[in-house]
Amino acid sequence: LMAELPEDAGILCTHPMFGPESGKYSWSGLPMVYDRVRINDNETCEQERMPMSERCSLFLDIFSSENCAMVDMTCEQHDKQAADSQFITHFTGRVISRLNLASTAIATKGFKSLLTLRDQTVKDSFDLFSALYICNPNAEATLSKMRTAIKDLVVDLKSNKSKLHFNHTESSDEKKDDMERLSEFINKVSPSKTGETFGLATKLKQEGKDIVMTLCVGEPDFPPPKPILEAAKAAIDSGKTRYTPVQGILELREAIAKDLKTRKDVEADPNNILITAGGKQAIFCAILAMCDKGDQVVVPAPYWVSYPEIVRLSGAEPVIISRDPRKDFILSPIELSAVLTPNTRMIILCNPCNPTGCLYQRSDLEAIAALLSRPEYAHIYVLADEIYERLTYDGSEHISFASLPGMQHRTLIVNGFAKAYAMTGFRLGYLVAPTKILKAALKLQSQLNSCACSISQYAGVKALSLQQSELDPLYAELEKKRNLTVGRLNKIPNVYCASAKGAFYAFPDVSAYFGSNVKNPHDGSPIASTTALCQYLISYHGVALVAGDAFGEPKGIRLSFATSMEDINKAIDRLEAGLEALEIS
């Protein structure tokens, strides 16, 4: 409201914390939350010539006269507390309702209370419940905490089972389960949803089914430039096939430092660069080196699927914050400030973004940097995942967050060679970090894989020596594919796709095509989520896409346009046909 309304417009935000059921008989004692966001007594209502503060008081008196509990609270505080109370209450009630539980002769008071909670929450419309999720940026973080809590509780139960000894003889299956018990660490890890989708598509194709599967993989469809391949072969032929220093060869670290200075205006000492086996390992080393139990890491959604999982492995809590597709998924300082706390250790900023293709402009980054420059946020680092930084469109320029004034010593840069040079199989990435953090990440890598592949490192040196003119034709072809993909998606009725200004992904909102009113025309089963929608599309229309649930945004699906024009057209033809065939009431 502050951004959209004129400066002389007064803003009073209110939320009666009760609805038709809870406030049916009386409002007495029920909370009425309000925030005088912008009240200027120099401006008066033209009709009544009444100061704004007085007009606000008249409105609030409606509730105070009914003995409501009046709560003066900022909008940010309200959203955080509502996500941890109101949303979680409704969510719990809805979960219980789906268990089809019923009272019995031995029902306890606690169980009856759960049934009462169920009955009260399901009386409210599902639209209200959805609004508590969609309109509150903290709701996704609360869901994330619930998932983690459930997963950890199951791990604790299974772990405790092996410690308890009851007077019964273990069956052979029980003994086998105990022998094959997995670690608590690995039980906290969820498999990659993109990998699952690709695996299912591969299986169906091997069974002889016609599946378009190239749009579910984040991999360029062009080969590495020929000089890179020649450099890799030369490294093999010249015997550069042995271990390298854990930190990586100096020649490559110097080339990276030069490239950062030349193209990004970032001063980096080669001693502050760690060569890793891909960008994912750089992220893993950075997060595990810095984060601990009790820390929070802000992960803007939609996010790359591995971010929350790696954060959880460190013991820290991923704090998920949703972004608006109508604003090109750009995270605003107001949205960010709502989730920052003294426990916030790090913010992950993927720019350009996987899976949305959004690209932060300089002004967007400067606004975030200005927020983080405030004294109360001086403890927060930014992990800048810039793996797609060369892939920008419409003449846009990528700005490295570390290049902003005062931000380099608080920024960890992650980059690599997989996306810009199509070197996905070379598994080559790097981390740029302050000295103490870099040494910690180096120590971790020394115990993981010793070093990145020597052959890949020499190929990386050659990649960084290529002229921009040698790469531009490859990127221009990707821009044409972006134009085709986004253009066609936005022509599908009730589908909205933000313009991807970077990377090679589109992330359309397809929420009009799933929900309680949408059915599979083949078997009548409900299409209740993007996961169900994508299962329907691959099973009945032969197109493999990745559901938005995997990326923390349940309204969308991800398409990679780093494939042939033929496959793009074929996939969108099948997507369009599949959506049109759905039975929507």
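Before reading further, recall that the structure is shown in the block above.
Residues numbered from 1 in each chain as written. Predicted model: local features only at pLDDT ≥ 70, side-chain atom pairs only at ≥ 80, totals over all residues. Heavy atoms only, no water.

**Q** What is the right way to look at the overall build of the protein chain in this model?
**A** What the protein chain contains, in helices and strands, is 19 helices and 15 strands. By the compact-globule yardstick of 25 Å for 585 residues, the protein chain fits well, its C-alpha radius of gyration being 27 Å. Classification of the 585 residues of the protein chain by burial places 47% in the buried group. Within the protein chain, counting contacts between residues at least 6 apart in sequence, those at least 24 apart form 72% of the total. Where the 63 positive side-chain charges of the protein chain centre and where its 71 negative ones centre are 6 Å apart. (Helix = DSSP H or I, 4+ residues; strand = E, 2+ residues; numbered from the N terminus. Rg over C-alpha atoms; globule rule 2.2 N^0.38 Å. Buried < 20%, exposed > 50% of the residue type's maximum accessible area, 1.4 Å probe, protein only. Contact = heavy atoms within 4.5 Å. Lys, Arg positive; Asp, Glu negative; His and termini not counted. Charge placed at Lys NZ, Arg CZ, Asp CG, Glu CD.)

**Q** Explanation requested: the sheet that holds strand E13 (residues 546-547) in the structure shown.
**A** Two strands in a sheet stick together by hydrogen bonds in their backbones, pointing the same way (parallel) or opposite ways (antiparallel). In space, the three strands of this open sheet follow the order E11-E14-E13, with antiparallel pairing throughout. In the strand order of this sheet, the two ends are held by strand E11 (505-506) and E13, each with one partner. (Pairing = 2+ DSSP bridges.)

**Q** Could you clarify how one ought to interpret the packing of aromatic side chains in this entry?
**A** Two descriptors summarise a pair of aromatic rings, namely the distance from one centre to the other and the angle between the planes of the rings. Following the criterion strictly, the structure yields 18 aromatic pairs and no others. For the pair Phe-87 and Phe-91, a centre-to-centre distance of 5.9 Å together with 40° between the ring planes defines the contact as tilted. Within this pair, Phe-87 and its partner Phe-91 are both found in helix H2 (residues 75-97), separated by four residues, close to a single helical turn. Seen from their ring centres, Phe-417 and Tyr-430 are 6.3 Å apart, and the 65° between their planes marks the pair as edge-to-face. With Phe-417 in the loop between strand E9 (411-416) and strand E10 (429-432) and Tyr-430 in strand E10, the pair connects residues that are 13 residues apart, well separated along the chain. Tyr-430 shares its class with Phe-417; the two are buried. (Phe/Tyr/Trp six-rings, centres within 6.5 Å; stacked < 30°, edge-to-face > 60°.)

**Q** Got a minute to help me understand the environment of Lys-280 in this structure?
**A** Tracing the backbone shows Lys-280 in helix H11 (residues 279-290). Taking the relative accessible area as the measure of exposure, Lys-280 reaches 43% and is therefore partly exposed. Residue contacts for Lys-280: discarding those within four places in its chain leaves Trp-304, Ser-306 and Ile-310.

**Q** Looking at this model, I keep getting lost on the side chain of Thr-344. Mind explaining?
**A** Here Thr-344 is to be found in strand E7 (residues 344-350). Among the polar contacts made by the side chain of Thr-344, one reaches the main-chain amide nitrogen of Thr-341 at a distance of 2.9 Å. Contact partners of Thr-344, with chain neighbours within four places excluded, come to Gln-296, Val-298, Val-339, His-379 and Ile-380. (Polar contact = N/O pair within 3.5 Å; in protein donor to acceptor, adjacent residues only side chain to side chain.)

**Q** What is the right way to look at helix H10 (residues 250-264) in this model?
**A** In an α-helix there are 3.6 residues to a turn, and that puts residues three or four apart on one side. Over its 15 residues, H10 extends 20 Å from the first C-alpha to the last, a length consistent with the 21 Å expected when each residue adds 1.5 Å. Residues of H10 that are buried: Leu-252, Arg-253, Ala-255, Ile-256, Ala-257, Asp-259, Leu-260 and Lys-264. Where H10 is buried, its residues meet strand E4 (273-276), E10 and helix H16 (454-465). Count one or two residues on from H10 and you reach Asp-265, which has phi positive near 60°. (Expected span 1.5 Å × (residues − 1).)

**Q** Just checking my understanding: could you explain the sheet that holds E9 for this structure?
**A** Taken together, seven strands build an open sheet; the order of strands is E4-E10-E9-E8-E7-E5-E6 and the sheet is mixed. In this open sheet, the two edge strands, each paired with only one partner strand, are E4 and strand E6 (317-322). Taken pair by pair, the neighbouring strands of this sheet meet at an average axis angle of 20°, ignoring direction. In this structure, E9 lies alongside E10, joined through four bridges in antiparallel fashion. Bridge pairing in E10 links Ile-413 to Val-432. Against the sheet, H10 makes contact with E4 and E10, and its axis sits at roughly 115° relative to E4, the strand it touches most. (Axes fitted to C-alpha atoms, helices over the stretch in contact; angles between N-to-C directions.)

**Q** Looking at this model, I keep getting lost on the environment of Val-305. Mind explaining?
**A** By the secondary structure assignment, Val-305 is in the loop between strand E5 (296-301) and helix H12 (306-313). Separated by 114 residues in sequence, Val-305 and Pro-191 have C-alpha atoms that sit 9.5 Å apart. Ignoring any residue separated from it by four or fewer positions in sequence, one finds Val-305 in contact with Ser-192, Thr-194, Ala-550 and Phe-551.

**Q** When you look at the environment of Thr-74 in this model, what are you seeing that I'm missing?
**A** Along the chain, the position of Thr-74 falls in the loop between strand E3 (69-72) and H2. For Thr-74, a relative accessible area of 31% gives the class partly exposed. Separated by 37 residues in sequence, Thr-74 and Val-37 have C-alpha atoms that sit 7.8 Å apart. Side-chain polar atoms of Thr-74 contact the backbone nitrogen of Gln-77, separated by 3.1 Å.

**Q** Would you explain the packing of helix H18 (residues 530-540) against helix H19 (residues 565-581) in this entry?
**A** The description of two packed helices rests on the angle between their axes and on the distance between the axes. Taken N-terminus to C-terminus, the directions of H18 and H19 make an angle of 115°; their axes are 10 Å apart at the nearest point. Classified by the interaxial angle, the pair formed by H18 and H19 is roughly perpendicular. Remark: the crossing between H18 and H19 carries right-handed chirality. Contact residues: Leu-533, Tyr-536 and Leu-537 in H18; Arg-574, Leu-575, Gly-578, Leu-579 and Ala-581 in H19. Among the residues making up the contact of H18 with H19, the classes are represented as six nonpolar, one polar and one charged. (Parallel < 35°, antiparallel > 145°, perpendicular 65-115°, else oblique. Left-handed = near helix turned anticlockwise from the far one by under 90°. Nonpolar A, V, L, I, M, F, W, Y, C, P; charged D, E, K, R; others polar.)

**Q** Can you help me understand the nonpolar core in this one?
**A** Soluble globular proteins tend to bury their nonpolar side chains together. Counting 72 residues, the largest nonpolar core has Leu-252, Phe-417, Tyr-421, Phe-504 and Leu-545 as the members making the most contacts within it. With sequence-adjacent residues up to four places away left out, Leu-545 is seen in contact with Thr-197, Leu-215, Cys-216, Cys-534, Leu-537, Ile-557, Arg-558, Leu-559 and Leu-575. Counting 70 residues, the second largest nonpolar core, distinct from the first, contains Ala-201, Ile-211, Val-299 and Cys-358. (Core = buried A, V, L, I, M, F, W, Y, C linked by side-chain atoms within 4.5 Å.)

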